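Chain by chain, the residues:
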Amino acid sequence: MNIFKKMYCRIYQGAFRIAMPLLPYREPITLDSVLDIKSVLKSNNIHRVLIVTDKGVRGLGLTASLEEDLKNEEIFVSVYDDTVPNPTIDCIEQGLNQYIADQCQAIIAFGGGSVMDCAKIIGARVVKPNQPVSKMQGLLKIRKKLPLLIAIPTTAGTGSETTIAAVITDSKTHHKYPINDFNLIPHFAVLDANLTLGLPKGLTATTGMDALTHAIEAFIGKSTTKKTRQCSLEACRLILENLPKAYTNGKDKEARQNMLRASYLAGLAFTRSYVGYVHAIAHSLGGKYGIAHGLANAVILPYMLTEFGNSATKKLKAIAVHCGLTDENTPEKIAASKLINKITEMNASMQIPNKLDGVKDRDIPELAKIADKEANPLYPVPKLMTAAELEEIYRLIQK
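Residues numbered from 1 in each chain as written. Predicted model: local features only at pLDDT ≥ 70, side-chain atom pairs only at ≥ 80, totals over all residues. Heavy atoms only, no water.

**Details of the side chain of Q13**
Part 1 of the argument: Examined against the element boundaries, Q13 turns out to sit in helix α1 (residues 3-19).
Part 2 of the argument: Among the polar contacts listed, one links the side chain of Q13 to the side chain of R10, at a separation of 2.8 Å.
Part 3 of the argument: If near-sequence neighbours (up to four positions away) are discounted, Q13 is found in contact with S223, P377, L378, Y379, P380 and L384. (Helix = DSSP H or I, 4+ residues; strand = E, 2+ residues; numbered from the N terminus. Polar contact = N/O pair within 3.5 Å; in protein donor to acceptor, adjacent residues only side chain to side chain. Contact = heavy atoms within 4.5 Å.)

**Thoughts on the pairing of strand β4 (residues 106-111)**
Part 1 of the argument: Along β4, 6 of the 6 residues are buried, which leaves the element largely enclosed by surrounding structure.
Part 2 of the argument: Of the strand pairs in this sheet, strand β2 (residues 48-52) and β4 are connected by 4 bridges, and their pairing is parallel. Each bridged residue has a counterpart across the sheet, and for L50 the counterpart in β4 is I107.
Part 3 of the argument: Examined bridge by bridge, β4 and strand β6 (residues 148-153) share 6 bridges and lie parallel to one another. Paired with A109 across the two strands is A151, which belongs to β6. (Buried < 20%, exposed > 50% of the residue type's maximum accessible area, 1.4 Å probe, protein only. Pairing = 2+ DSSP bridges.)

**Regarding the sheet that holds β4**
Part 1 of the argument: Pairing is parallel in the open sheet, where 6 strands are placed in the order β1-β9-β6-β4-β2-β3. The sheet terminates laterally at β1 (29-31) and β3 (76-80), the two strands that pair on one side only. Strand after strand, the sheet turns through a mean of 20 degrees between neighbouring axes, direction not considered.
Part 2 of the argument: In the packing of helix α4 (residues 64-72) onto the sheet, the strands contacted are β2, β3, β4 and β6, and the crossing angle to β3 comes to about 155 degrees. (Axes fitted to C-alpha atoms, helices over the stretch in contact; angles between N-to-C directions.)

**Considerations on the sheet that holds strand β8 (residues 176-180)**
Part 1 of the argument: In spatial order, the strands read β5-β8-β7; together these 3 strands make up an open sheet with mixed pairing. What marks the edges here is a single partner per strand, and that holds for β5 (138-139) and β7 (165-169).
Part 2 of the argument: Examined bridge by bridge, β5 and β8 share 2 bridges and lie parallel to one another. Each bridged residue has a counterpart across the sheet, and for G138 the counterpart in β8 is I179.

**Brief notes about unusual backbone geometry**
Leaving glycine aside, a negative phi is the common case for residues, and trans is the common case for peptide bonds.
Part 1 of the argument: Backbone torsion omega between N376 and P377 reads 15 degrees, so that peptide bond is classified as cis.
Part 2 of the argument: Mapped onto the elements, P377 comes out in the loop between α14 (364-375) and α15 (387-397).

**Points about the packing of aromatic side chains**
Part 1 of the argument: For the coordinates displayed, the defined rule picks out 5 aromatic pairs.
Part 2 of the argument: Both rings, one in F16 and one in Y274, keep their centres 6.3 Å apart while their planes meet at 90 degrees; by these two values the pair is edge-to-face. Of this pair, F16 sits in helix α1 while Y274 sits in the loop between α9 (253-273) and α10 (277-289), and the two are 258 residues apart along the sequence.
Part 3 of the argument: Residue classification places Y274 among the buried positions, given a relative accessible area of 8%.
Part 4 of the argument: In this structure, R48 packs its charged tip against the face of F76, placed 4.0 Å from the ring centre.
Part 5 of the argument: When the ring centre of Y247 is taken as reference, the NZ or CZ atom of K201 above it lies at 5.0 Å. (Phe/Tyr/Trp six-rings, centres within 6.5 Å; stacked < 30°, edge-to-face > 60°. Lys NZ or Arg CZ within 6 Å of the ring centre and 35° of its normal.)

See below:
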């Protein structure tokens, strides 16, 4: 990267770091069970709600008890269950129309990251009816309070229940882009391990590695705070200790609860300290090929950490020490290698490949430009890279 672009990126990131204490970040209020939701709605005088979910979650019967519970309290329930992975603008407009037609007053997101992202932007469209989703791309384009939003994660990975971010795919161009606004942070987050006990092994693995990517990218970046560093480190420890247990025994409630906690902490960290090139590349792959976000992150992460080299070794050592992989006396490069090797070994043990199918040579320059546009100058990565340099990462992960 040339010196002038590098200076611009670091000045831009520095301005955000300085402004961070003044920005209106907030944490959602956490609830332990879906059974607590009815009292929240009643205390807010809400009588009509839209549950946003997907066919898989509803087909498993996970929303049934909540639907019944709310109806018993004479709260009208409308269910939009057509959310797709990598939610599209079409999904959002359908959900918005249903919200309006059924005169809803609040939104409950019940599912994984795609569901929560979809619900957030439905809420944004409710309060910004004249602003199309395409005009919300980027930072602080919403600037209005959403209807009451309750997030119920059924996977332990995205951290979307805590964040200012939603990632949407343009239905026509298939371009995937983030929308970031403080008003997208849910008002309540329900961390109920019972809802994750039946999660398939593959989804357990990739969503767990998604949370680990959040925690690591937030920690090694240049816009951390004491709080985000603490959240990241604890999230990393919880994931390295509990993800293998949750993967091996899906009914291990303690491991599942710890993974929900880790995902939540990682979300708190990256919504303030941002992510990095792993996410930018993963978003481009999801938009172009529909590759699941957690899978893409899991595959890319060890390659990118290796690419960062000396710029990240000190912080990677801190993670390795906190997680008990090594001790303070270990040289930084060796400690960093231990962490990267641990990630690679965890991927292999959970049947996550080290390469991705379908990444075409002819697409790589355009994909790299998309990742570059997303990441620079916003993401405070340890080492700045150009689109041309990012192309090499795409080639490393090609099968």
